[in-house]
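Listed below, chain by chain, are the residues.
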Amino acid sequence: MSIIKPFLFFSFLVVATCSHAKALIIGQDIPYFYYEDKTNSLSLELLLSLPQENLIESKKTLSKGYTESTFWIKFDVNDKAFSNNEYWFEVLPVYLDRIEFYYKEDSSNTWIKRSAGDLNNAAEWDVDYRAPVFILPKSSDGYSVVIKVTTSSSMLLNVRIWKEHDFIGYSLKDNIFWSFFFGVFSFAGMILLLLALVLGGRIFWISFFSFFVYFDLFCMHGYYEWFFGKSPLHIQHYLTSLSFIAIFSVVLLACSEIIGLRERFNKIYKVMLFIIYLISFQSVFVIFDMYFLVIKNILFFFMLVVLFYFLVIYIVFIKRNLVSCIF
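Only a predicted model underlies this, so the values are computations on that prediction, with no experimental measurement involved.

Student: Before we move on, could you go through the overall build of the protein chain and cite the residues and values that matter?
Tutor: Looking only at helices and strands, one finds 13 helices and 11 strands in the protein chain. Each principal axis of the C-alpha atoms in the protein chain carries an extent, and together these give about 75 × 60 × 40 Å. Expressed as a percentage of the 327 residues in the protein chain, the buried residues total 43%. Relative to all contacts within the protein chain whose residues are 6 or more apart in sequence, the contacts with residues 24 or more apart total 73%. When the accessible surface of the protein chain is summed, it comes to about 18300 Å², and 66% of that surface belongs to carbon and sulfur atoms. Distance between charge centroids for the protein chain: 12 Å, based on 27 positive and 28 negative side chains.

Structure (structure tokens):
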């Protein structure tokens, strides 16, 4: 009891001190202009020389789904709240391939370049943290910022600007949550693996493989490289992609067990296994940076999901066999 009380007090203290931490979010709080470079040939100088009417203004987070285009965003920041504070830029999500971060004071003509990204060997930021954080010095003039983003994953750019003490408080609370989350599910995963090895059976193995979801989150949030260090082989990048693709196969297997697909519709079960093998085989393309090809072929997965819906309706409403469908 003497150990639990200080721990609870510390936890509540952390929550209390972090509850007011708030960042400025680019898009929601600060509008920006963006340009889609479909040829991937634009440079900073060419972007700055483009007429203003060629740029698109946006007041929401940049989200463009799966695309092979490069995106440039441009904005100015000079908030009164930062008049005597450094600007801490947090660039999310972690899994973006390559990020070029340019900034200059409004009173200067010199652009300073920083870089980040899963596939960027020159990536380096100012804080030992799981996500890129760039610290800009105090400035009475504010800054002009340009960000170039290229990725083979979903194009999503969420940039937050923090004060130092707000970021430290927020990141402490956030990492406490994720550490607890991953700790609980790692323990549960070890238990399920033990049950699968000792008792066998498809249901235990499928339950264990469902932890690809949590492993994917672990990599997607940048914890792998934060814990184990950045690798020139870009291990975190490929593990994120491979585990995400594996989730599709696990979902199909779990659905098949729930409705008893193997026993009720054995031919459809064999077709499903073929598609699972096909999805698993396509994971090889990720190693050759052909993630887009794999994602396009995931269409088979969604076709099977629709088929599962019809099978559930057939079993429940036509066969009137709800209990055995679930159990």
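Student: Describe the side chain of S153, and please don't skip the residues or the numbers.
Tutor: Tracing the chain through its elements places S153 in the loop between β10 (143-150) and β11 (154-162). The class of S153 is buried, set by a relative accessible area of 10%. Residue contacts for S153: discarding those within four places in its chain leaves G65, Y66, Y95 and Y291.

Student: Please set out the pattern of salt bridges residue by residue, giving values where relevant.
Tutor: In this structure the tally under the stated criterion is 6 salt bridges. A salt bridge links R202 to E263; the nearest nitrogen and oxygen atoms lie 3.5 Å apart. With a gap of 61 residues between them, R202 in helix α4 (residues 202-209) and E263 in helix α8 (residues 261-264) connect regions that are remote in the sequence. On the basis of relative accessible area, E263 is assigned to the exposed category, the value being 58%. Note that E225 is salt-bridged to K230, the shortest N-O span being 3.6 Å. When its relative accessible area of 13% is taken as the criterion, E225 is described as buried.

Student: Can you tell me about the UniProt feature "domain: 7TM-DISM receptor extracellular" (unreviewed entry) in the protein chain, naming the residues and giving the values?
Tutor: Per the UniProt record, "domain: 7TM-DISM receptor extracellular" (unreviewed entry) is found at residues 34-163. Between the end C-alpha atoms of residues 34-163 the distance is 25 Å, and the span holds 5% helix and 46% strand.

Student: Can you explain the sheet that holds strand β8 (residues 112-116)? Please cite residues and give values.
Tutor: Within the open sheet, the 6 strands sit side by side as β3-β2-β5-β10-β7-β8. Their pairing is antiparallel. This sheet does not close on itself; its edge strands, each paired only once, are β3 (56-58) and β8. Here the strands of the sheet are splayed against their neighbours by 25° on average, with no regard to which way each runs. Across 7 bridges, the pairing between strand β5 (residues 70-77) and β10 is antiparallel. When the sheet's bridge partners are listed, W72 is paired in β10 with K148.

Student: Requested: an account of a nonpolar patch on the surface, with residues and values cited.
Tutor: A cluster of nonpolar residues, F187, M190, I191, L194, L195, L197, V198, L199, W205, F209 and F212, forms a patch on the protein surface that exposes about 1100 Å² of accessible area. For the nonpolar patch, the element with the highest residue contribution is helix α3 (residues 164-199), accounting for 8 residues. In this structure, F187 sits in helix α3.

Student: Describe the pairing of strand β2 (residues 32-37), and please don't skip the residues or the numbers.
Tutor: By the bridge criterion, 3 bridges tie β2 to β3 in an arrangement that is antiparallel. Residue pairing in the sheet places Y34 in a bridge with I56 of β3. Sheet topology places β2 next to β5; 5 bridges connect them, and they run antiparallel. If you follow E36 over to β5, its bridge partner there is F71.

Student: Let's hear about unusual backbone geometry: which residues, and what values?
Tutor: That bond from L92 to P93 is cis: its omega, -5°, falls within 30 degrees of zero. Within the secondary structure layout, P93 lies in the loop between β6 (87-92) and β7 (98-105). The residue D289 is not glycine, and still its phi comes out positive at about 55°. Among the secondary structure elements, D289 is positioned in the loop between α10 (284-287) and α11 (291-297). Given the relative accessible area of 48%, D289 is considered partly exposed.

Reading the values: rules and limits
Residues numbered from 1 in each chain as written. Predicted model: local features only at pLDDT ≥ 70, side-chain atom pairs only at ≥ 80, totals over all residues. Heavy atoms only, no water. Helix = DSSP H or I, 4+ residues; strand = E, 2+ residues; numbered from the N terminus. Buried < 20%, exposed > 50% of the residue type's maximum accessible area, 1.4 Å probe, protein only. Contact = heavy atoms within 4.5 Å. Areas by Shrake-Rupley, 256 points an atom, 1.4 Å probe, with all protein chains shown as cover. Lys, Arg positive; Asp, Glu negative; His and termini not counted. Charge placed at Lys NZ, Arg CZ, Asp CG, Glu CD. Salt bridge = Lys/Arg side-chain N within 4 Å of Asp/Glu carboxyl O. UniProt positions renumbered as here; feature names shortened; annotations may be inferred. Pairing = 2+ DSSP bridges. Axes fitted to C-alpha atoms, helices over the stretch in contact; angles between N-to-C directions. Patch = residues over 30% accessible without salt bridge, like charges linked within 9 Å, V, L, I, M, F, W, Y side chains within 5 Å.

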